[in-house]
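Single-letter residue listing:
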Amino acid sequence: MLAFRVYSNAVYQCSLHVFVILLIIFCGLNNQAIADSNQADERDRLQQLRIKIKTTQEIVRKMESRENSIAAELETIELKYGETSKTLEKLTIQTSELQAKLTEIRVQKSKQKKVLLLQHKNLANQLRAAYRSGRQKQWRVLLSQADPSKMARHMVYYRHLNQARSLQINEVRSLLTDIQEAEDKAVSTELVLASTRKNIESVQQELAETREARSQILARVQQKVTNQKHNLSDLIEDQKKLQRLINSINQSVEELDLGVINKQPFSRLKGKLPWPVKTYSAYRRRILNNTAQGIIISTPEGTQIRAVAHGRVVFSDWMPGYGLLIIIDHGSSYLTLYAYNQSLKTAVGNKVNAGEIIASAGASGGRSESAVYFEIRKSKQQYNPLRWLNKGNKK
């Protein structure tokens, strides 16, 4: 009876363990299914966000009647300029990497040649020593009437000597193979490097042509401004279009539940935000219709622009009056805007961290000088960025 109870208890314990294991597996699979479902839902929401923003852009474009207009030409040429600049940057980085690789191969090849030279000398010394001692000395020792133990030691010595010599010969062969491989790699890398440099020349030419085309369009824009005496009405209209876009973004983010969870609420970052560029020559508030807006930060073309805080990209495209524009949602309806860019480095839906590169500075939007326009908003309210940016970063 006792044995039966022990057996029953053991079966119960075993069944319990199996049940727990199955429960863990089921929970794990269930959690994975939930995670996969959440990821799929987020992808769907992001796709809906992209569609909604694109729809808003199309509405803005139709309202402008920009077909065959200067603005349409400017958008096309600046988008092309941005993509060409990005291609040139990638090719330049690729060239630097290839050059570093080629230098490394040459250094490795030089080291291998030095080792090979040393091995040649050692092998030559051994062969000369063997020749001087007599090529048949091992047989003479073997056939001599010397003491067997002494003869055995000599034979062991000769065996080790031959093994060492054979090992050195194999090392020399291996080094020759390595050097040949290094030479092949160097030739291959040089060919790729030459091709990349040729591509760079082609892209630079394309960039120069695009820049010239843009200059011609800007001359026409300037003529239009001169003829109108002022372009304040155009700027105000551009501002209205931007507000329509932001209203659409805020509504889409709320509807699609795309709120950004920050480690620290954006509202608590006032006075602590880093500047979007590390180097600049000057900055000033943008005044439109007697209303202060964001700040225009003068900085060289190509300067890296960084996100001032963690968030999600909700716009990355061209806008009239603002050129290549990025808008980042930081949660709780807070948005940061980065305009006049030369090229864009991120797309709608991407999450970005504070300090992450999101664009490069330029003069898009019809500007004549390179700068970045930076703005902070909450819904329709605009804030003075200078009160939010870290004062220690001012130069």
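Basis of the calculations
Residues numbered from 1 in each chain as written. Predicted model: local features only at pLDDT ≥ 70, side-chain atom pairs only at ≥ 80, totals over all residues. Heavy atoms only, no water. Core = buried A, V, L, I, M, F, W, Y, C linked by side-chain atoms within 4.5 Å. Buried < 20%, exposed > 50% of the residue type's maximum accessible area, 1.4 Å probe, protein only. Helix = DSSP H or I, 4+ residues; strand = E, 2+ residues; numbered from the N terminus. Pairing = 2+ DSSP bridges. Polar contact = N/O pair within 3.5 Å; in protein donor to acceptor, adjacent residues only side chain to side chain. Contact = heavy atoms within 4.5 Å.

Looking now at the nonpolar core. Core analysis: the largest hydrophobic core is formed by 35 residues, its most contacted members being Leu273, Tyr338 and Ile358. Among the nonpolar cores identified, the runner-up in size contains 21 residues, and Leu245, Tyr322, Ile327 and Tyr373 belong to it.

The element strand β8 (residues 357-361) is extensively covered by neighbouring structure, given that four of its five residues are classed as buried. Where strand β3 (residues 304-306) meets β8, three bridges bridge the pair, whose relative direction is antiparallel. Bridged to Arg306 within β8 is Ile357. When strand β6 (residues 334-344) meets β8, the two strands line up antiparallel, connected through three bridges. In the strand pairing of β8, Leu344 is matched with Ala359.

Another point: the side chain of Ser370. Inspection of the secondary structure puts Ser370 in the loop between β8 and β9 (371-378). Separated by 3.1 Å, the side chain of Ser370 and the backbone nitrogen of Glu301 make a polar contact. Side-chain polar atoms of Ser370 contact the backbone oxygen of Gly362, separated by 3.5 Å. Setting aside chain neighbours within four positions, we find Ser370 in contact with Ser298, Thr299, Pro300, Glu301, Ala361, Gly362 and Ala363.

Functional significance is not addressed by these values, which are geometric in nature.
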